[in-house]
Amino acid sequence: TIAYVDIGVVIIDLDPTPTGQIVQDALQDLYPGGVMVSTSMDEYDLIGMDAVFVLLGVFANNTVITPDAAQPLLDYINSGGNLYMEGGDMWYYDPQFTGGYDFGPEFGIAAQADGTADLSQVIGQGFLEGYEWEYSGENNYIDVIDPANDDAFTVFRNEQIGYNCGVAYDPGDYRTVGSSFEIAGLGGNSSIADALEGIIDFFEIGEPPGFIEGMV
């Protein structure tokens, strides 16, 4: 017997040093539908997906999304989607110096500076308050970012140095989370699953497999 599960979450892994499999393994225990990894933006029709996760990597192993290539993601969030996107340089450096599309306005993110290789611990805030992680992912030029308006709020912070590295945004029509590090590099006292569960809950896209509503 072959059971088919509808694909509801797509991980678009454009990182030259891929981490999509790690994210997929964690999400499959948190999300009741199918979770697939893609290495291109056009393999799946994103409209109607419960959530899309985009992994761009950290310099020098990173991909820059140009304005021409950004449209599928813009169409997806404009349709009411839930989009997580990470990249070390995508918020500050790439839009200013390498021709990358500036996703800041769509993510409620105000980029402050091109950071350094100083991220060793990550503290959760907002819906991730109480979690603390050690960071072992790639670690160069981690963009310094802040919430841009009252609909955005910090969810990841480098408390040791004193800057924000993850922002969630809920303008009412869609929801996003943007970070400037690799979520697959989170571990230690808390796990990548803790971070992703918070994001899944923020996106309001279902309960883990086996959950039966009304049962205790």
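Just so you know, these numbers come straight off a predicted model, no measurement behind them.

Student: What am I meant to see in the nonpolar core here?
Tutor: In a soluble, globular protein the nonpolar side chains are often hidden away together inside. Phe53, Phe156 and Ile183 are the most contacted members of the largest nonpolar core, which totals 38 residues. Breaking this core down by element, the ones donating at least two residues are β1 (7–13), α1 (20–27), β3 (51–55), β9 (132–135), β11 (152–158), β12 (163–169) and α5 (192–203). Considering each element in turn, this core owes the most residues, 7 residues, to α5. With near-sequence residues (within four places) excluded, Phe156 lies in contact with Val122, Ile123, Leu128, Trp133, Asn164, Cys165, Gly166, Ser179, Phe181, Ile183, Leu186 and Ala195. The next biggest cluster of nonpolar side chains, apart from the first, holds 28 residues, and it includes Met41, Leu56, Ala70 and Ile145.

Student: Please explain α1 as it appears in this structure.
Tutor: For α1, every residue scored as buried is listed here: Gly20, Val23, Gln24, Ala26 and Leu27. Here the buried residues of α1 occupy an arc of 165° about the axis, which is enough to place them on one side. Where α1 is buried, its residues touch β1, β2 (34–38), β3 and α5.

Student: Just checking my understanding: could you explain the packing of α1 against α5 for this structure?
Tutor: The relative placement of two packed helices comes down to the angle between their axes together with the axis-to-axis distance. Between α1 and α5, the least distance of the axes is 9 Å, while the angle of their chain directions is 70°. By the criterion of interaxial angle, the relationship of α1 to α5 is roughly perpendicular. Here the hand of the crossing between α1 and α5 comes out right-handed. Residues Ile22, Val23, Ala26 and Leu27 of α1 form the contact with α5, whose own contacting residues are Ile192, Leu196 and Ile200. For the contact of α1 with α5, a count of residues per class yields 7 nonpolar, no polar and no charged.

Student: How should the packing of aromatic side chains be read in this particular structure?
Tutor: Each aromatic ring pair is characterised by the separation of its centres together with the angle its planes make. If you walk through the whole model with that rule in mind, you get 16 aromatic pairs. With a centroid separation of 5.6 Å and an interplanar angle of 80°, the aromatic rings of Tyr135 and Phe181 are classed as edge-to-face. Here Tyr135 is found in strand β9, whereas its partner Phe181 is found in the loop between β13 (175–179) and β14 (186–187), with 46 residues between them in sequence. Across this residue pair, the class does not change: Tyr135 and Phe181 are buried. With 6.2 Å between their ring centres and 75° between their planes, Tyr169 and Tyr174 make a pair best called edge-to-face.

Definitions and limits used
Residues numbered from 1 in each chain as written. Predicted model: local features only at pLDDT ≥ 70, side-chain atom pairs only at ≥ 80, totals over all residues. Heavy atoms only, no water. Core = buried A, V, L, I, M, F, W, Y, C linked by side-chain atoms within 4.5 Å. Buried < 20%, exposed > 50% of the residue type's maximum accessible area, 1.4 Å probe, protein only. Helix = DSSP H or I, 4+ residues; strand = E, 2+ residues; numbered from the N terminus. Contact = heavy atoms within 4.5 Å. Arc of directions from axis to C-beta. Axes fitted to C-alpha atoms, helices over the stretch in contact; angles between N-to-C directions. Parallel < 35°, antiparallel > 145°, perpendicular 65-115°, else oblique. Left-handed = near helix turned anticlockwise from the far one by under 90°. Nonpolar A, V, L, I, M, F, W, Y, C, P; charged D, E, K, R; others polar. Phe/Tyr/Trp six-rings, centres within 6.5 Å; stacked < 30°, edge-to-face > 60°.

Just geometry here; none of it tells us what the structure is for.
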